[in-house]
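Commentary on secondary and tertiary structure
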Amino acid sequence: MMKFSFSKMMLWLGLIFLYAPMLILIIYSFNESKLVTVWAGFSTKWYGELMRNDKLLDAVGNSLQIAFFSASGAVILGTLAAYVLTRFRGFKGSTLLRGMITAPLVMPEVITGLSLLLLFVAMAQLVGWPEGRGMTTIWIAHTTFCTAYVAVVVGSRLSEMDMSIEEAARDLGASPIKVFFQITLPIIAPALISGWLLAFTLSLDDLVIASFVSGPGSTTLPMVVFSSVRLGVSPEINALATIIITLVTTLVFASWWYARRVEKARIKERQKVAQV
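Residues numbered from 1 in each chain as written. Predicted model: local features only at pLDDT ≥ 70, side-chain atom pairs only at ≥ 80, totals over all residues. Heavy atoms only, no water.

**Structural notes on the nonpolar core**
The nonpolar side chains of soluble globular proteins are, as a tendency, buried together. Ranked by internal contacts, the top residues of the largest apolar core, which has 26 residues, are Leu116, Val150, Val154, Leu158, Ile188, Ala199 and Val213. Residue assignment for this core shows that the elements contributing at least two residues are helix H3 (54–87), helix H5 (109–126), helix H6 (135–160), helix H9 (189–205) and helix H10 (208–213). Leave out the neighbours within four places in its chain, and Leu158 touches Ala82, Tyr83, Thr86, Arg87, Thr184 and Ile188. (Core = buried A, V, L, I, M, F, W, Y, C linked by side-chain atoms within 4.5 Å. Buried < 20%, exposed > 50% of the residue type's maximum accessible area, 1.4 Å probe, protein only. Helix = DSSP H or I, 4+ residues; strand = E, 2+ residues; numbered from the N terminus. Contact = heavy atoms within 4.5 Å.)

**Section: H6**
With 26 residues, H6 should cover 38 Å at 1.5 Å per step; its first-to-last C-alpha distance of 37 Å lies within 8% of that length. Of all the bends in H6, the greatest measures close to 30° and is centred on Cys146. (Expected span 1.5 Å × (residues − 1). Bend = angle between axes of the 7 residues up to and from the residue.)

**Focus on the packing of aromatic side chains**
Going through the model one piece at a time under the given rule, you end up with nine aromatic pairs. The interplanar angle of 80° and the centroid separation of 5.2 Å between the aromatic rings of Tyr83 and Phe180 together place this pair among those described as edge-to-face. Here Phe180 lies in helix H8 (residues 176–187) and Tyr83 lies in helix H3, a separation of 97 residues in the sequence. Accessibility assignment for this pair places Tyr83 and Phe180 in one class, buried. Ring plane angle 15° and centroid distance 5.2 Å describe the contact between Trp196 and Phe200, whose orientation is recorded as stacked. Placement of both Trp196 and Phe200 in helix H9 is noted, with a separation of four residues, approximately one turn of the helix. (Phe/Tyr/Trp six-rings, centres within 6.5 Å; stacked < 30°, edge-to-face > 60°.)

**Quick look at the packing of H3 against helix H4 (residues 94–106)**
Look at H3 against H4: their axes get within 11 Å of each other, and the N-to-C directions meet at 145°. Of the two possible hands of crossing, H3 and H4 adopt the one that is left-handed. Contact with H3, carried on its side by Ala81, Val84 and Leu85, involves Ser94, Leu97, Arg98 and Ile101 of H4 and no other residues of that element. Taken together, the residues that form the contact of H3 with H4 break down as five nonpolar, one polar and one charged. (Axes fitted to C-alpha atoms, helices over the stretch in contact; angles between N-to-C directions. Left-handed = near helix turned anticlockwise from the far one by under 90°. Nonpolar A, V, L, I, M, F, W, Y, C, P; charged D, E, K, R; others polar.)

**Comments concerning a positive patch on the surface**
Taken together, the side chains of Arg260, Lys264, Lys268 and Lys272 make up a positively charged region of the molecular surface. By the secondary structure assignment, Lys268 is in helix H12 (residues 235–275). Taking the relative accessible area as the measure of exposure, Lys268 reaches 55% and is therefore exposed. (Patch = residues over 30% accessible without salt bridge, like charges linked within 9 Å, V, L, I, M, F, W, Y side chains within 5 Å. Areas by Shrake-Rupley, 256 points an atom, 1.4 Å probe, with all protein chains shown as cover. Salt bridge = Lys/Arg side-chain N within 4 Å of Asp/Glu carboxyl O. Lys, Arg positive; Asp, Glu negative; His and termini not counted. Charge placed at Lys NZ, Arg CZ, Asp CG, Glu CD.)

**A short note on H5**
Taking 1.5 Å per residue, 18 residues should reach 26 Å; H5 reaches 26 Å between its end C-alpha atoms and fits that length. Looking at the packing, one finds that the buried side of H5 touches H6 and H10. Positive phi appears at Gly128, one or two residues downstream of H5, with a value of about 80°.

**What about unusual backbone geometry?**
Here the amide bond leading from Trp129 into Pro130 is cis, since omega sits at 0°, within 30 degrees of zero. With respect to the helices and strands, the residue Pro130 is situated in the loop between H5 and H6.

**A word on the pattern of salt bridges**
For the structure shown, the criterion picks out three salt bridges. The partner of Glu49 in a salt bridge is Arg52, with the nearest N and O atoms 3.1 Å apart. By relative accessible area, which is 56% here, Arg52 ends up exposed. Among the ionic pairs, Arg87 bridges to Glu166, the shortest N-O distance being 3.2 Å. Highlighted residues: Arg87 in helix H3 and Glu166 in helix H7 (residues 163–171), separated in sequence by 79 residues. Of the two residues examined, Arg87 and Glu166, each falls in the buried class.

**Overview of a nonpolar patch on the surface**
Together, Leu11, Trp12, Leu15, Ile16, Phe17, Leu18, Tyr19 and Met22 line one region of the surface with nonpolar side chains, adding up to about 900 Å² of accessible area. Considering the arrangement of structural elements, one finds Trp12 in helix H1 (residues 6–28).

**Quick word on the side chain of Thr184**
Position of Thr184 relative to the elements: it lies in helix H8. When near neighbours in sequence (up to four residues on either side) are disregarded, Thr184 contacts Tyr83, Leu158, Met161, Glu166 and Val179.

Next comes the structure, spelled out in structure tokens:
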């Protein structure tokens, strides 16, 4: 007989609470009825309707494009900021720089979106750029707040890194740039990947900031979903969400399998070295 465990019970309740809504969403994506709350039989027609919904597909394309470039820009800026704050501590303005970088983490998205909107409007009046809000302004806005998250992730990895490795490379004659690209960058690569994935997810999921800085022809997926929900959830949204969940789950399991395989290879290599 299985022994009662409060921690196991809470674990299963937590998992059910998190994943039961996703399971229900996946089931109702195969619903025949147009009413998502009424089951009328099994059907895959909404996946076909999704492929013919140009508005929704354009929004998906816009979101993926913005998320990719926002995550890439955030990784570059966040890594530079984290490197400066961890390697050059105590310089004048370090406290101000740290506060400016981490401000988006605690700033309400409404305030961030409004401030960026006012900035773009003022810049358009002063220098004539940007002429209108669109994909570029959303990319700048998303890169701005995603940089803070990347800086925290990469900064924590840099602070834990053994600096004696870098110092040894410099003692052997390597330049600071060569040390960064050949020593530091490979070591913090997992943090860079984690930061990029986090920034990509945050950008793909953002609704509030994008609503402030977007314009005609630059509608993102969360904006389309939000406008659709106000009129009633469409089964096409369920179908799209099911596809996204399937892709994300596949990528997560593939990453887990690869990481486990690499870890096993490292353990075997250590055992061989120990035997020698």
